Amino acid sequence: MALAAAPLRVTVSLAPYASIVEAIGGDLVSVTTLLPPGASPHVFDPSPSQAAGLATSDLIVMNGGLDAWLDRLVAAAAPTASVLVITQSISFTPVAGEHDHDEHAADHDEGHATDADSVQAAESGPDPATANPHVWLDPVLMSEAAEAIAAELERLDPANATMYRIGLTRVQAELEALNAEIAALLEPVQDAPFVPFHDAWPYFAERYGLNLVLSLEPFPGREPSPKYVAEAVAAVKAAGAKAVFAERQLSPRSAEVVAESAGVAVAVLDPIGGAPGPTDYAELLRYNARIILENLR
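Residues numbered from 1 in each chain as written. Predicted model: local features only at pLDDT ≥ 70, side-chain atom pairs only at ≥ 80, totals over all residues. Heavy atoms only, no water.

A.B. asks: So what exactly am I meant to see when it comes to the pairing of strand β1 (residues 8-12) here?
C.D. replies: Regular strands place side chains that alternate from one sheet face to the opposite one. Among the five residues that make up β1, four are buried, leaving the element largely enclosed by the rest of the structure. As paired strands, β1 and strand β3 (residues 59-62) are joined by three bridges and run parallel to one another. From the neighbouring strand, Val12 faces β3, where its bridge partner is Val61. (Buried < 20%, exposed > 50% of the residue type's maximum accessible area, 1.4 Å probe, protein only. Helix = DSSP H or I, 4+ residues; strand = E, 2+ residues; numbered from the N terminus. Pairing = 2+ DSSP bridges.)

What follows is the structure, given as structure tokens:
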């Protein structure tokens, strides 16, 4: 009797992709997630043990943009591994990212772009290479990501291509149903002023018709200047927002300051998930949609 082949060893940067890989591959894959629950990919520093584990991976799935630390890790520990970058593997209309300009922040007072920079960026449009990378929070885009993941699993393990195709069909049907479910859930708050903590939410907001007023912390992990906070408070009041949203992975201080000054509530979203929060992708989106509904309705 022939022994069954060992599962494909897949390493992902973020928990939402682990959920999708496992749903497509089932017992044919063994998945490791690098970003620990509760950590932010914007300020994460991988450990030496994670680098050692990466070297044994058959496939590395990264989002692109916000997990650039994984580029360096792959180059050092797994230069010959197969790497799938989601933002380079799907079709989407890019939104200009705020945090992607961090490397240029030293050129601006208090780490923020000038008005002239903002105008120039708006006129030129977002650069796909530096676009907002938070595509996984849109289940329609995640369906495209699932297709790219399944194709790579098939390429690496052609003997089980049929099983990956079956898994993909099931996952895409579930994502289509999830999209319809979230759209119906958030229909009562369409066009409601939405003030998230950082720029993780533009694709989600566009998909479900939320009026994204501004992000409270333009550069994740770096507290905004007093001037920006004052402008944020004024914008929240002018928009008539009922709440602002902190995030599980980042300090809530900026959200709490703005909320207190504007006289609105603070709620906490989770853009990434992981225990003790939602560990399944569908539940992650439901979790956030419920919180948004409860606080904006």
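Text resumes after the structure shown.
A.B. asks: For this particular structure, what's the right way to read the pairing of strand β2 (residues 29-33)?
C.D. replies: Relative to β2, β1 is paired through five bridges, and the arrangement is parallel. In the strand pairing of β2, Arg9 is matched with Ser30. Of the crossover connections in this fold, the one passing from β1 over helix α1 (residues 15-25) to the parallel β2 is right-handed. (Right-handed = clockwise from strand over helix to strand, strands pointing away.)

A.B. asks: Would you take a moment to explain the side chain of Ser82 for this structure?
C.D. replies: Its place among the elements puts Ser82 in strand β4 (residues 82-85). Ser82 sits in the buried class, given a relative accessible area of 17%. Here Arg155 takes part through its side chain, which lies 3.0 Å from a polar atom of the side chain of Ser82. When near neighbours in sequence (up to four residues on either side) are disregarded, Ser82 contacts Asp58, Leu59, Ile60, Glu152, Arg155 and Leu156. (Polar contact = N/O pair within 3.5 Å; in protein donor to acceptor, adjacent residues only side chain to side chain. Contact = heavy atoms within 4.5 Å.)

A.B. asks: What is the right way to look at the nonpolar core in this model?
C.D. replies: Within the largest apolar cluster, 75 residues are counted, with the highest numbers of intra-cluster contacts made by Val10, Tyr17, Ile24, Ile149 and Phe204. Those residues in contact with Phe204, other than ones at most four positions away along the chain, are Leu137, Ile182, Leu186, Leu210, Leu285 and Ile292. In terms of nonpolar packing, the next biggest core, distinct from the first, is built from 18 residues, Leu214, Leu216, Ala246 and Leu250 among them. (Core = buried A, V, L, I, M, F, W, Y, C linked by side-chain atoms within 4.5 Å.)

A.B. asks: Just to check I follow, could you spell out the confidence of the model for the protein chain for this structure?
C.D. replies: Regions with low pLDDT carry predicted coordinates that are not meant to be interpreted in detail. Summing up the model confidence of the protein chain, the mean pLDDT is 88 and the portion of residues at 70 or higher is 87%. Ignoring residues within four places in sequence, the model shows residues 99-126, a span with pLDDT below 50, making 30 contacts including any to other chains. (pLDDT = per-residue confidence, 0-100.)

A.B. asks: In this structure, what is going on with the packing of aromatic side chains? I would like to understand it.
C.D. replies: Each aromatic ring pair is characterised by the separation of its centres together with the angle its planes make. Inspection of the entire model under this criterion finds six aromatic pairs. Ring centres of Phe194 and Trp201 lie 6.4 Å apart, and the angle between their planes is 80 degrees; this geometry places the pair in the edge-to-face category. An identical accessibility class is assigned to Phe194 and Trp201; each is buried. Within the aromatic cluster, the residues linked to one another by ring pairs are Phe194, Trp201, Phe204, Tyr208 and Phe245. A cation over an aromatic ring shows up here: Arg222 above the ring of Phe219, its NZ or CZ 5.1 Å from the ring centre. (Phe/Tyr/Trp six-rings, centres within 6.5 Å; stacked < 30°, edge-to-face > 60°. Lys NZ or Arg CZ within 6 Å of the ring centre and 35° of its normal.)

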